[in-house]
Each structure stands twice: as C-alpha cells, then as structure tokens.
Amino acid sequence: MPGSDVATREVLEPLVDGHGRPIGDVRISVIDRCNFRCQYCMPAEGLPWLDRSALLSYEEITRLVDLLVRMGVGDVRLTGGEPLVRRELWRLVAMLDAIPELDDLSLTTNGYLLERQVDELVAAGLRRVNVSLDSLVADRFFQMTRRDSLAQVLAGLEAAQRHEALRPIKVNVVALRDFTEDEVVRFAEFARTEPYEVRFIEFMPLDADRAWSRDRVLPNAEIVAMIDAVHPLEPLGRKVHSTARRYRFADGQGEIGFISPVSEPFCGDCNRIRITAEGMLRTCLFSINETDLRALLRDGATNEELETAIRDAVWRKELKHRIDDPAFIQPPRSMSRIGG
Ligand code: SF4
C-alpha cells in the first residue's frame, strides 16, 4: 500500500492500449457537483447530483491510483464537477502524494474556492493547478458562468501564485464562437503580463444541454491569427502526449497554448484514461462504454482482479474521437460528469 518503500513494492507491466499507446495519465473526477453553471457545460438549474455514498471514497480512489502508478500511470489529475466542493480534498491529496512512484499530482478547478484551500492543498502535496476562466470582464464572466465571481477566481490565482512549489499555473479558456472573440487579445495580454500559462480550448460536444454544433466552435487557428495580428507569435509545437500546441510571443513576452480537439485532434499519442466520481473507467473522453470499477471494489475484488479489468478495458481503448464522423454519437455523460 502507499507509503511502503519502493524497493518492496511490486512493479507491474506497463499499461498499454490495443494500439500500442502507453497510458501515463489518469484524470479522476472526485465529485459531479459544481458551484458554477457554465453555459457550455450544464443547465442553469444544475443536474441531478449523485448521492454521497455513490462517490468513490478517498480510500477507494487511493487504492486505484496505487495500482495504476505501479502500471506506469504516474500523472494524476483531480477534476470534478468542481473538485474543491468535495470536503477536505487536501486529505485525498495527502494520501495520493504518499504513493512513492507518483510523478505528478495536479488539479483542475474553476478557482472560486482556491484562495481558501490552496495553502492546505499545497501543504498536502499538490504540485500543479489548472484554473478554468473564460472571461476577464465581470459581466461577461457572469454571462458565461451564471455566477458573479470573477474577482474571487482572480484572487484564487493570486493565492496560488504565492506558492513557489505550485508550478506551472495554467489558465484554461473555453473558446466559443460569438463570445470568445472579444476576449482573445485580452487573454493574450494576460498571458504576456501575468505568470500563468494561458491555453484556449475548443468547445467540445460534451455539454449537458446537447446544444453543441460545429458552428459554435471557434477554431484555434482563427484565435492564433487574431493574436498574431497584434502580438506576433512563433510556433513551439506540441510535446508528445501533451494536448496543447504552444507558441511564444516573438518579442519574448511569454507563451500561449491551444488545445484543439475538434479542428486538430491529438488522439494519435493519447495516453489518458479517466475515472468518474462514481468509479466508472472511461478510456476516452468520448467513450460510449465504461467499466464499473466501483462494483469490483465494493464486491471485494483483489488487486489482480482490478488490474485485469483495467487492462481489458484499456486494451479496447478508442483509437480516436469521431466528432467529424457523420455517425458520431455524443456520449450520454456530459463534461461535468466526466471531469475533463
Ligand atoms: S478524444 Fe479520446 S483518444 Fe482523443 S485525445 Fe481525447 S481521450 Fe484521447
């Protein structure tokens, strides 16, 4: 179990999918609830929330992660809904941080509770944070999230910035046609002046309202052109397994990134799997099928049985998403129930 020394811990065969891609990154949703109501994610009234007993416990999550890291899945990201609304998240961070082979431990948050919790999260072992922020203008922020909370999110970023150990700090901007255009240069200047890595993410067909359509996507190529016209950019490329294509400002004033799953998919070297808040293993963000790890955990499965179930599911991991395919089926599960 976690904490025992590396020398005595059994190292398992690396986890590899049926296309030969090694899996190195697991995104774990710790809760489906959220304190925001972002237009591109969920309806104003929210969604029917899971019962507390339906959620994986911190002990169950830690047991799964302990197994996965010994299969070479060393990068762990905690997501939601909004992970900081789950009570005492720092306890889970501390339990995961105690796993000797863990390479990275990060969090994706909307930032509203970050100022209040960042000290205990960093003390517990958190190493990186991504903050979702789609507007730098208070009334437009309200329009998008249905919350008047821009100042609180910016305060959360500043509080995170004070922790040298928490690096890099990334700011994720979901790009929507007829909304984000007015934010593009503002975020470019934010990236040039603030110590955060700004990334634009294309709107994906994972919204609970199922209102996604291609013409609501603002392709990153257009955003690059908008920024380049004001602040010339130089391409830096995309690292293997990474989702972001990076650019530096030609005058040396920092970098900016673009995650383009719709217009420029990066599935070829995908190394990610996901576990939902109620313990379903998803091998792709757009999976239609899932594997129920919670049932195995609560039925007393051994580590070997869990390992077999995980390997079987990953062996069938989807080669790529099929958003462009006329036969594309939007997953029944929306983003807030997957965790990004
Ligand atoms: S869409 Fe699926 S296969 Fe493609 S990068 Fe995302 S998770 Fe990986």
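For the structure given in this document, a descriptive report is provided here. None of the values given here were measured: they were computed from a predicted structure. (Residues numbered from 1 in each chain as written. Predicted model: local features only at pLDDT ≥ 70, side-chain atom pairs only at ≥ 80, totals over all residues. Heavy atoms only, no water.)

**Notes on the packing of helix α1 (residues 58-69) against helix α2 (residues 89-97)**
Between two packed helices, what matters for the description is the angle formed by their axes and the separation of those axes. With their axes 10 Å apart at the nearest point, α1 and α2 run at an angle of 25° to one another. The angle between the axes of α1 and α2 places the two elements in the roughly parallel class. α2 is crossed by α1, and the crossing has right-handed handedness. Contacts between α1 and α2 involve Tyr58, Glu59, Ile61, Thr62 and Val65 from the former and Leu89, Arg91, Leu92, Met95 and Leu96 from the latter. (Axes fitted to C-alpha atoms, helices over the stretch in contact; angles between N-to-C directions. Helix = DSSP H or I, 4+ residues; strand = E, 2+ residues; numbered from the N terminus. Parallel < 35°, antiparallel > 145°, perpendicular 65-115°, else oblique. Left-handed = near helix turned anticlockwise from the far one by under 90°. Contact = heavy atoms within 4.5 Å.)

**Here's the deal with the packing of helix α6 (residues 184-193) against helix α7 (residues 220-230)**
Two elements in contact, α6 and α7, have axes separated by 10 Å at closest approach and are oriented at 65°. Read as a crossing pair, α6 and α7 show a hand that is right-handed. In this structure, α6 uses Val184, Val185 and Ala188 to contact α7, whose residues at the interface are Ile223, Met226, Ile227 and Val230. In the contact of α6 with α7, the residues fall into seven nonpolar, no polar and no charged. (Nonpolar A, V, L, I, M, F, W, Y, C, P; charged D, E, K, R; others polar.)

**Details of the state of the cysteines**
Across all of its chains, the model carries zero disulfides by this definition. Left without a disulfide partner, Cys38 is nearest to the cysteine sulfur of Cys34, which lies 6.3 Å away. Cys38 sits in the buried class, given a relative accessible area of 13%. (Disulfide = S-S within 2.5 Å. Buried < 20%, exposed > 50% of the residue type's maximum accessible area, 1.4 Å probe, protein only.)

**A short note on unusual backbone geometry**
The omega angle of the peptide bond from Gly80 to Gly81 is 10°, so this bond is cis rather than trans. Counting through the fold element by element, Gly81 comes out in the loop between β2 (75-79) and α2. The step from Arg167 to Pro168 runs through a cis peptide bond, and the omega angle for that step is -15°. Looking at the secondary structure, you find Pro168 in the loop between α5 (150-161) and β5 (169-175). The phi dihedral of Glu88 is positive, around 50°, even though this residue is not glycine.

**A closer look at the pairing of strand β7 (residues 233-237)**
In this sheet, strand β8 (residues 244-249) lies alongside β7 in antiparallel orientation, the contact comprising four bridges. Bridging from a neighbouring strand, Pro235 pairs with Tyr247 of β8. The hairpin formed by β7 and β8 contains six residues between the paired strands, and His241 there has a positive phi angle of roughly 70°. (Pairing = 2+ DSSP bridges.)

**Some words on the site of the ligand**
Lining the immediate environment of the ligand, one finds Phe266, Cys267, Cys270, Arg272, Arg274, Cys284, Leu285, Phe286, Lys317 and His321. Counted by class, the shell around the ligand contains six nonpolar, one polar and three charged residues. (Near = heavy atom within 4 Å.)

**Some remarks on the packing of aromatic side chains**
According to the stated counting rule, one finds nine aromatic pairs in the structure shown. With 5.8 Å between their ring centres and 15° between their planes, Phe200 and Phe258 make a pair best called stacked. Residue Phe200 is found in strand β6 (residues 197-202), and its partner Phe258 is found in strand β9 (residues 255-259); the two are separated by 58 residues along the sequence. Taking relative accessible area as the criterion, Phe200 reaches 0% and is therefore assigned buried. A network of ring pairs unites the aromatic residues Phe187, Phe190, Tyr196, Phe200, Tyr247 and Phe258 as a single cluster. The lysine or arginine in question, Arg140, covers the ring of Phe179, its NZ or CZ lying 4.3 Å from the ring centre. (Phe/Tyr/Trp six-rings, centres within 6.5 Å; stacked < 30°, edge-to-face > 60°. Lys NZ or Arg CZ within 6 Å of the ring centre and 35° of its normal.)

**A short note on the sheet that holds β9**
Spatial ordering of the open sheet is given by β7-β8-β9-β6-β5-β4-β3-β2-β1-β10-β11-β12, a layout of 12 strands whose pairing is mixed. Only two strands of the sheet have a single partner each, and these edge strands are β7 and β12 (291-292). As paired elements, β5 and β6 share six bridges and run parallel to each other. Its bridge partner lying in β6, Lys170 is registered against Glu197.

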